[in-house]
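Coordinate inspection notes
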Amino acid sequence: MASSHSLGGVQLESVYKSPFADALDLFRGRKVYLENGFAYVQLKDIVAIILNEFRTKLSKVLALTARSLPAVQSDERLQPLLNHLSHSYTGQDYSTQTNVGKVSLNQIDSLSIKSFPPCIDQLHKALRENHHLRHGGRMQYGLFLKDIGLGTGMAVLEADIYQRKDGSR
């Protein structure tokens, strides 16, 4: 239950009332206010209580499943299903790469804006501004460009092209 009221003279917002036993980890870290056997937990710390509750329920369900597994395994009608269960995946197949080798040098700037991870985007911006990357950055940027299909030689060529656009080297 969320509320906004004053406890002990302190104004609290988005506070959840929970039994003390559910908030022991937060109590150890002195992150809760205790009153009459209840812990008042701030919104930012409620995740710890929810996570503990989830772990408890998951553990109980897994124990129940482990107890009932021998009975399920002994049923011959379910044997083929159980034997092929680990091999049957119905999601998308990510093992085949369809866009390998489709990236060109003139796409790099547009791809950096919308598709690069933040670390590589930062390296790309630094290369564009300073026309230079230190060794570690050059290695990381070059390997990334190779992985997206540009190739090692093209990655080095791109670095040289960026340096030569302004005539600096």
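Look up: the structure comes first, before these words.
Now for a description of the structure that goes with this document. (Residues numbered from 1 in each chain as written. Predicted model: local features only at pLDDT ≥ 70, side-chain atom pairs only at ≥ 80, totals over all residues. Heavy atoms only, no water.)

Focus: the overall build of the protein
For clarity, the threshold we go by: Helix numbering and strand numbering both begin at the N terminus, where a helix is a DSSP run of H or I of at least 4 residues and a strand a DSSP run of E of at least 2. Exposed residues in this analysis have more than 50% of their type's maximum accessible area, buried residues have under 20%, and partly exposed residues fall in between, with area computed by a 1.4 Å probe over protein chains only. Throughout, a residue-residue contact means that at least one pair of heavy atoms, one from each residue, lies within 4.5 Å. In short, Shrake-Rupley with a 1.4 Å probe defines the accessible areas, and a residue's cover is counted only from the protein chains shown.
Regarding its fold elements, the protein presents seven helices and four strands. Reading the protein from its N terminus to its C terminus gives the helix and strand order β-β-α-β-β-α-α-α-α-α-α. Counting over 169 residues, the protein shows a buried share of 21%. Counted over contacts in the protein with a minimum sequence separation of 6, partners at least 24 positions apart contribute 39%. Accessible surface, the protein as shown: approximately 12800 Å² in total, 57% of it carbon and sulfur.

Notes on unusual backbone geometry
Of note in this structure, Arg30 is not a glycine but carries a positive phi near 55°. Summarising the element assignment, Arg30 is placed in the loop between helix H1 (24-28) and strand E3 (32-35). Of note, Asn36 is a non-glycine position whose phi angle comes to about 55°, a positive value. Counting through the fold element by element, Asn36 comes out in the loop between E3 and strand E4 (38-42). We classify Asn36 as exposed; its relative accessible area is 70%.

Things to note about the side chain of Ser18
By the secondary structure assignment, Ser18 is in strand E2 (residues 10-19). Leave out the neighbours within four places in its chain, and Ser18 touches Phe38, Ala39 and Ile49.

Focus: the packing of aromatic side chains
For any two aromatic rings, the description comes down to two numbers: the centre-to-centre distance and the angle of the planes. The condition that has to hold: What counts as a ring pair is set by centres within 6.5 Å for rings of Phe, Tyr and Trp (its six-membered ring), and what kind of pair is set by the plane angle: stacked under 30 degrees, edge-to-face over 60, tilted for all other angles. We call a charge positioned above a ring when the Lys NZ or Arg CZ atom is no farther than 6 Å from the ring centre and deviates by at most 35 degrees from the ring normal.
Inspection of every chain in the model, using the stated rule, returns three aromatic pairs. Seen in terms of ring centroids, Phe20 and Phe27 are 5.3 Å apart; in terms of plane orientation they differ by 75°. Their pairing is edge-to-face. For Phe20, a relative accessible area of 32% translates into the label partly exposed. Residue Phe27 is classed as partly exposed on the basis of its relative accessible area, which comes to 37%. Arranged with centres 6.1 Å apart and planes meeting at 45°, the rings of Tyr33 and Tyr40 form a pair that is tilted. Taking the ring centre of Phe38 as reference, the NZ or CZ of Lys17 above it sits at 4.3 Å.

Points about a nonpolar patch on the surface
For clarity, the threshold we go by: The patches described consist of residues with a relative accessible area above 30% and no salt bridge, like charges being joined within 9 Å and nonpolar side chains (Val, Leu, Ile, Met, Phe, Trp, Tyr) within 5 Å. Throughout this description, the term salt bridge denotes a Lys or Arg side-chain nitrogen within 4 Å of a carboxyl oxygen of Asp or Glu.
Residues Phe20, Leu24, Phe27 and Leu34 make up a contiguous nonpolar surface patch of about 300 Å² in total accessible area. Mapped onto the elements, Phe27 comes out in helix H1.

Some words on the nonpolar core
Counted only if it meets this: What is meant by a nonpolar core is a set of buried Ala, Val, Leu, Ile, Met, Phe, Trp, Tyr and Cys residues, joined one to another through side-chain atoms within 4.5 Å.
The biggest cluster of nonpolar side chains holds twelve residues, and these are Val103, Ile108, Leu111, Phe116, Ile120, Leu123, Leu127, Leu133, Tyr141, Phe144, Leu145 and Leu150. Residues Leu26, Ala39, Val41 and Ile46 belong to the second largest nonpolar core, which totals seven residues.

Here we look at helix H2 (residues 46-74)
Think of an α-helix as 3.6 residues a turn; residues three or four steps apart then line up on the same face. Spelled out, the test is: Helices are assigned an expected span. That span is 1.5 Å times one less than the residue count. The angle separating two fitted axes, one through the seven residues that finish at a residue and one through the seven that start at it, defines the bend at that residue.
Taking 1.5 Å as the rise per residue, H2 with 29 residues should run 42 Å; its terminal C-alpha atoms sit 43 Å apart, in good agreement. In the structure, H2 departs most strongly from a straight axis at Ser68, where the bend amounts to approximately 40° and where the proline Pro70 lies between one and four residues downstream.

Notes on the pattern of salt bridges
As enumerated under the stated definition, the model contains five salt bridges in all. We note a salt bridge from Asp25 to Arg28, for which the minimum N-O separation is 2.6 Å. Remark: Arg28 and Asp25 occur in helix H1; sequence separation between them is three residues, near one turn of the helix. For Arg28, a relative accessible area of 61% puts it in the exposed group. Here Asp75 ties to Arg77 by a salt bridge, and the two come within 3.0 Å at their closest N and O atoms. A relative accessible area of 21% places Asp75 in the partly exposed class.

The values are spatial; any link to function lies outside them.
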